[in-house]
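Here is how the chains run, residue by residue.
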Amino acid sequence: MAGEEEESNKGFRLLGILDVQNTPCARDAILHGAGGSLTAGLLHFLATSRVKRSFDVGFAGFMLTTLGSWFYCRITNAKLRVQQRVIQDGIKNKVTYEGTVLDPTNKPGAETSSRPS
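Let me sum up the structure you'll find in this document. (Residues numbered from 1 in each chain as written. Predicted model: local features only at pLDDT ≥ 70, side-chain atom pairs only at ≥ 80, totals over all residues. Heavy atoms only, no water.)

### Some remarks on the side chain of Thr66
Move 1: By the element assignment, Thr66 lies in helix 3 (residues 51-97).
Move 2: At 2.7 Å, the side chain of Thr66 forms a polar contact with the backbone oxygen of Phe62.
Move 3: Once you skip the residues sitting within four places of it in the chain, Thr66 turns out to touch Ala29, Ile30 and Gly33. (Helix = DSSP H or I, 4+ residues; strand = E, 2+ residues; numbered from the N terminus. Polar contact = N/O pair within 3.5 Å; in protein donor to acceptor, adjacent residues only side chain to side chain. Contact = heavy atoms within 4.5 Å.)

Below, the structure is given as structure tokens:
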């Protein structure tokens, strides 16, 4: 019984090295690559009727589309994590310094600077 549960939690591994279910962006990148491969290979075949060259173009389309989609997704996720970290630090500082002298929203000169004209 325990072996079956571990087997189901293992996930789908592509070529035995890439865990597609648990790796961010992997599933989308593979699907985009498959679509790019099919499109590039089929269009090249329809244009030239050369089977081997069309396969090569399809494989190159798969590699380029997969890597492009993978890097785009990873960079976008990294930017999102940086923005989330900045927002979390700002909220933490707001809660920590709220109502103290170090509060950046509390301007000490704003209350005493009202002079009669």
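### Observations regarding the environment of Ser37
Move 1: Here Ser37 is to be found in helix 2 (residues 26-48).
Move 2: Sequence separation of Ser37 and Ser54 is 17 residues, and the distance between their C-alpha atoms is 9.9 Å.
Move 3: Sequence-distant contacts of Ser37, that is, excluding residues within four places in its chain, are made with Gly58, Phe59, Gly61 and Phe62.
Move 4: Separated by 3.1 Å, the side chain of Ser37 and the backbone oxygen of Gly58 make a polar contact.

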